[in-house]
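The residues making up each chain are set out below.
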Amino acid sequence: MTSDSEESSDTMRERAAGDTRLLWFLLDADRWLVTAILSGILFCGVLAVGLLHPIPALTLLTRGDPVETLFQALITGTITAVTLVLTLSQLVLSQELGAVGDQRERMDGSMQFRADAADAVDTPVSPAEPSAFLRSLVRGTAERAETVQAAVDKTALDDDLTELLTQYLEDVRTNADSVTDQLEGRSFGEFDVVKAALNYNYSWKLYVGRRIREAYADELTDDIDDSLAELVETLELFGPAREHFKTLYFQWELSDLSRTLLYVAIPALTVAVTSLLFLDARDIVGVTAGVPDVLWIMAATTTASVLPFTVLLSYILRIVTITKRTLAIGPFILRETDRSVDVDWE
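Residues numbered from 1 in each chain as written. Predicted model: local features only at pLDDT ≥ 70, side-chain atom pairs only at ≥ 80, totals over all residues. Heavy atoms only, no water.

S.K.: Would you take a moment to explain the overall build of the protein for this structure?
M.R.: A tally of helices and strands in the protein yields 15 helices and 2 strands. Put simply, the protein has 346 residues, and 45% of those count as buried. When the accessible surface of the protein is split by element, carbon and sulfur atoms take 58% of a total near 17,900 Å². (Helix = DSSP H or I, 4+ residues; strand = E, 2+ residues; numbered from the N terminus. Buried < 20%, exposed > 50% of the residue type's maximum accessible area, 1.4 Å probe, protein only. Areas by Shrake-Rupley, 256 points an atom, 1.4 Å probe, with all protein chains shown as cover.)

S.K.: Mind showing me how you'd approach a negative patch on the surface here?
M.R.: A grouping of Asp 158, Asp 159, Asp 160, Glu 163, Asp 218 and Glu 219 is seen on the molecular surface, where their side chains present a negatively charged patch. For Glu 219, the location among the structural elements is in the loop between α11 (202–215) and α12 (222–278). Residue Glu 219 is classed as partly exposed on the basis of its relative accessible area, which comes to 40%. (Patch = residues over 30% accessible without salt bridge, like charges linked within 9 Å, V, L, I, M, F, W, Y side chains within 5 Å. Salt bridge = Lys/Arg side-chain N within 4 Å of Asp/Glu carboxyl O. Lys, Arg positive; Asp, Glu negative; His and termini not counted. Charge placed at Lys NZ, Arg CZ, Asp CG, Glu CD.)

S.K.: Help me understand the nonpolar core, please; the structure alone is not making it clear to me.
M.R.: Soluble, globular proteins show a tendency: their nonpolar side chains are buried together. Within the largest apolar cluster, 43 residues are counted, with the highest numbers of intra-cluster contacts made by Leu 134, Leu 137, Tyr 168, Tyr 200, Ile 212, Leu 220 and Phe 238. Of all the secondary structure elements, the ones that give two or more residues to this core are α7 (100–120), α8 (130–153), α9 (159–183), α10 (191–198), α11 and α12. Apart from residues lying up to four places away in sequence, Leu 134 is in contact with Leu 183, Val 193, Ala 197, Phe 238, Ala 241, Arg 242 and Phe 245. Membership of the second largest hydrophobic core comes to 22 residues, among which are Val 194, Leu 254, Leu 261 and Tyr 315. (Core = buried A, V, L, I, M, F, W, Y, C linked by side-chain atoms within 4.5 Å. Contact = heavy atoms within 4.5 Å.)

S.K.: What should I look at first to understand a nonpolar patch on the surface in this one?
M.R.: Judged by side-chain polarity, Trp 24, Leu 33, Ile 37 and Ile 41 come together as a nonpolar surface patch covering roughly 360 Å² of accessible area. For the nonpolar patch, the element with the most residues is helix α4 (residues 31–52), which contributes 3 residues.

S.K.: How should the packing of α10 against α12 be read in this particular structure?
M.R.: The axes of two packed helices give the description: the angle between them and the distance between them. Running from N to C, α10 and α12 cross one another at 155 degrees; their axes reach a closest spacing of 10 Å. Between α10 and α12, the crossing angle belongs to the class labelled roughly antiparallel. In the crossing of α10 with α12, the sense of the turn from one axis to the other is left-handed. Counted together, Phe 191, Val 194, Ala 197 and Leu 198 of α10 and Phe 238, Arg 242 and Tyr 249 of α12 form the full contact between these two elements. Class assignment of the residues belonging to the contact of α10 with α12 gives a composition of 6 nonpolar, no polar and 1 charged. (Axes fitted to C-alpha atoms, helices over the stretch in contact; angles between N-to-C directions. Parallel < 35°, antiparallel > 145°, perpendicular 65-115°, else oblique. Left-handed = near helix turned anticlockwise from the far one by under 90°. Nonpolar A, V, L, I, M, F, W, Y, C, P; charged D, E, K, R; others polar.)

S.K.: How should helix α14 (residues 307–325) be read in this particular structure?
M.R.: An ideal rise of 1.5 Å per residue puts 27 Å on 19 residues; α14 measures up with 28 Å between its terminal C-alpha atoms. Looking at α14, one finds that the buried residues are Pro 308, Thr 310, Val 311, Ser 314, Tyr 315, Leu 317, Arg 318, Ile 319, Thr 321 and Ile 322. (Expected span 1.5 Å × (residues − 1).)

S.K.: Teacher, can you tell me more about the pattern of salt bridges here?
M.R.: Side chains that carry opposite charge are capable of pairing whenever their charged atoms lie near each other. Using the criterion set out here, one finds 12 salt bridges in the structure. A salt bridge links Asp 28 to Lys 195, with the nearest nitrogen and oxygen atoms 3.4 Å apart. On the criterion of sequence distance, the pair formed by Asp 28 in helix α3 (residues 20–28) and Lys 195 in helix α10 is long-range, its members being 167 residues apart. Take Asp 28: its relative accessible area is 23%, and that puts it in the partly exposed class. On the accessibility criterion, Lys 195 (23% relative accessible area) is partly exposed. Arg 144 is the salt-bridge partner of Glu 230, the closest N and O atoms lying 3.8 Å from each other. Of the two residues, Glu 230 is situated in helix α12 and Arg 144 in helix α8; the sequence distance between them amounts to 86 residues. When salt bridges with common partners are traced through the structure, they connect Asp 122, Arg 144 and Glu 230 into a single cluster.

As structure tokens, this is what we get:
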């Protein structure tokens, strides 16, 4: 029999295919750092092409009107793109608006879910802060796993079943303890809260727990089965909780993105407009560090003018990466895993 820990890694980094440095760039890195890296790539790319081209840069930039065409396009694109992004952001955020009846229905659903979570973790009132709420659910799964393990230790079961349950429950406790530590002291709005939630591989644990109950229904005692059912129920609560806080985080990020775009759009437009009006490549004939000054200036002004797009890209990279890794809720595994456990149970 194959154990849970052998089937699917717990942390998001372990489950990621490919270079983990790319995952750090997409998720963990500060968005301004990502913006700076993307801007640096663009700046160096313009310089490299200008230096490697067989025709001198000054000749290319004074042949026809490439400078005017470029900055006219950048001005139009920046105004259009920023306006569109801000409009879409406001449409997403407008979901928070609604009639009093809709707001009351949302409130009732939220309070009911909090009550269910409080019952699952044996506490009178569930925590109010997102990180503390998630931590209480994760810690609750560890406590339920300990309860199941205590029941298993007191029962004479088949050796293979005992080993399977022990490995499964140990994996639940180990992963839960790690995520509990990661959530400690975190504030909502930080990516660390969502990252810690992504590091709890609840979907596979939920799947394995349900499969064990189904496959060994005749061998499990009532005490073990009831304790295992409570563990599964607590895992089921973690899914919608994670999705809810992920949605709130996306709205938080979109608010930050809208504000940041407003900050960078005016300087970028200023650079593009002044370059269009006052920059004449024929007047710039010097050379610095072996590179024509006109190439330095063109690379710098182009990079500055494209800054709203690099900022947008840095935020969208994180949002789409998180979305891809959390498309399914519950015991659905979209990534490729070893399915020998299904074969063993059939």
